[in-house]
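Working through the structure, step by step
In case you want the letters, here they are:
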Amino acid sequence: MKLFLDTANVEHVAEVASWAVLDGVTTNPTLVAKEGKDFKETVLKMCELVPCVSAQVTATDAEGMQQQAVEYSKWHKHVVVKVPMTTEGLKALRFCAKKGIRTNTTLVFSLPQAILAAKAGATIISPFVGRIDDIGENGMVLIGQIMEAWAHYKFTTEVLVASVRHPDHVIEAARLGAHIATIPYEVFKKLPLHPLTDTGIKRFLDDWEKVKHGS
Ligand code: G3P
């Protein structure tokens, strides 16, 4: 399972990358706006830290998306072009697949959308589980549906669980066999922690003090 950080904060990427478990980063216009830094500079800095950085197109027509995809893909070989799940986006996905440009289809909320993006040649699809939870449904049900369908076919498109809100989303993503989860920094920081690990370390160190040892 690959773990990505969902952020446009380069310091946070550097910190989590230093733990030796980070496989990539996903950004979006909202996250980039929140940091208030130059988009291209941010993406390039992240590309030096991880092998897979999603950079989202802002055009809404296929031609515009394709132009941005070509531009972004020239910035760095670690760039993955994020394309919205629309019919124009599907055309852009096919174009990118033919050009060898890696893509991540964003704003996927249903199994038919997932299948269409995969058929159009998406490298990755991003179902947004948290936003489905927000409207009173269960986002992880969609991940289950997609993984069940994927088991029947030979789609090479990776399923990335996005809009993660808490560690349980990561646990469920792993149990369902999702290929990737993209995780906000505040949630990622919780993953290495367990109170029994802390008390266990303390007890070992306390007991070690009672042992005769050289240093
Ligand atoms: O990767 C997509 C993600 O950034 C959306 O998250 O919390 O805005 O639904 P959220």
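Residues numbered from 1 in each chain as written. Predicted model: local features only at pLDDT ≥ 70, side-chain atom pairs only at ≥ 80, totals over all residues. Heavy atoms only, no water.

**Considerations on the packing of aromatic side chains**
If you walk through the whole model with that rule in mind, you get 7 aromatic pairs. Plain terms: the ring middles of W150 and F155 are 4.6 Å apart, the flat faces sit at 45° to each other, and that makes the pair tilted. Among the residues examined, F155 registers a relative accessible area of 26% and is labelled partly exposed. On the numbers, 5.8 Å between centres and 50° between planes, the contact of Y153 with F155 is tilted. What makes Y153 exposed here is its relative accessible area of 54%. Through successive ring pairs, a cluster of aromatic residues spans F39, Y72 and W75. (Phe/Tyr/Trp six-rings, centres within 6.5 Å; stacked < 30°, edge-to-face > 60°. Buried < 20%, exposed > 50% of the residue type's maximum accessible area, 1.4 Å probe, protein only.)

**A closer look at the sheet that holds strand 2 (residues 24-26)**
Strand order in the closed barrel formed by 8 strands is 1-2-3-4-5-6-7-8, and the pairing between neighbours is parallel. Each adjacent strand pair in this sheet contributes to an overall mean axis angle of 30°, direction not counted. Pairing analysis gives 2 bridges linking strand 2 to strand 3 (residues 53-56), with the strands arranged parallel. Looking at strand 3, one finds that T26 is bridged to S54. (Pairing = 2+ DSSP bridges. Helix = DSSP H or I, 4+ residues; strand = E, 2+ residues; numbered from the N terminus. Axes fitted to C-alpha atoms, helices over the stretch in contact; angles between N-to-C directions.)

**Examining the pairing of strand 8 (residues 180-183)**
Residues I180 and T182 point to one face of strand 8 and A181 and I183 to the other, with burial holding for every one of them. Relative to strand 8, strand 1 (residues 2-6) runs parallel, the two being bridged by 4 bridges. Paired with K2 across the two strands is I180, which belongs to strand 8. The pairing of strand 7 (residues 158-161) with strand 8 spans 2 bridges and is classified as parallel. Directly across from V161, in strand 8, lies its bridge partner A181. Taken together, strand 7, helix 9 (residues 167-175) and strand 8 form a β-α-β motif whose crossover is right-handed. (Right-handed = clockwise from strand over helix to strand, strands pointing away.)

**Observations regarding the nonpolar core**
Core analysis: the biggest nonpolar cluster contains 55 residues, and V79, V81, I125, W150, V161 and I183 have the highest contact counts within it. No other element matches the 7 residues that helix 8 (residues 139-150) contributes to this core. Not counting residues up to four positions away in its chain, the partners in contact with I125 are N104, T105, V108, A114, A117, I146, W150, T157, E158, V159 and L160. Judged by nonpolar contacts, the second largest core, of 8 residues, contains C52, F128, A162 and I180. (Core = buried A, V, L, I, M, F, W, Y, C linked by side-chain atoms within 4.5 Å. Contact = heavy atoms within 4.5 Å.)

**Side note on the site of the ligand**
The immediate surroundings of the ligand are formed by D6, N28, F128, R131, A162, S163, R165 and T182. In this structure, an oxygen atom belonging to the ligand sits 2.6 Å away from a side-chain N or O atom of D6. Here the ligand has 310 Å² of accessible area as a free molecule, and 81% of this is covered by the chains. Its residues assigned to classes, the shell around the ligand shows 2 nonpolar, 3 polar and 3 charged. (Near = heavy atom within 4 Å. Polar contact = N/O pair within 3.5 Å; in protein donor to acceptor, adjacent residues only side chain to side chain. Areas by Shrake-Rupley, 256 points an atom, 1.4 Å probe, with all protein chains shown as cover. Nonpolar A, V, L, I, M, F, W, Y, C, P; charged D, E, K, R; others polar.)

**Focus on helix 1 (residues 10-17)**
Along helix 1, the residues classified as buried are V10, V13 and V16. One side of helix 1 carries all its buried residues, which in axial view fall inside an arc of 130°. Turning to helix 1, the residues buried within the fold contact strand 1, strand 2, helix 3 (39-47) and helix 10 (185-188). The backbone nitrogen of E11 has a side-chain oxygen 3.0 Å away, supplied by the residue at the start of helix 1, namely N9. (Arc of directions from axis to C-beta.)

**A word on the pairing of strand 3**
Taking every second residue as pointing to the same face, both faces of strand 3 are buried, with V53 and A55 on one and S54 and Q56 on the other. Bridge count for strand 3 against strand 4 (residues 79-84) is 4 bridges, and the pairing is parallel. Looking at the pairing, S54 lines up with V80 of strand 4.

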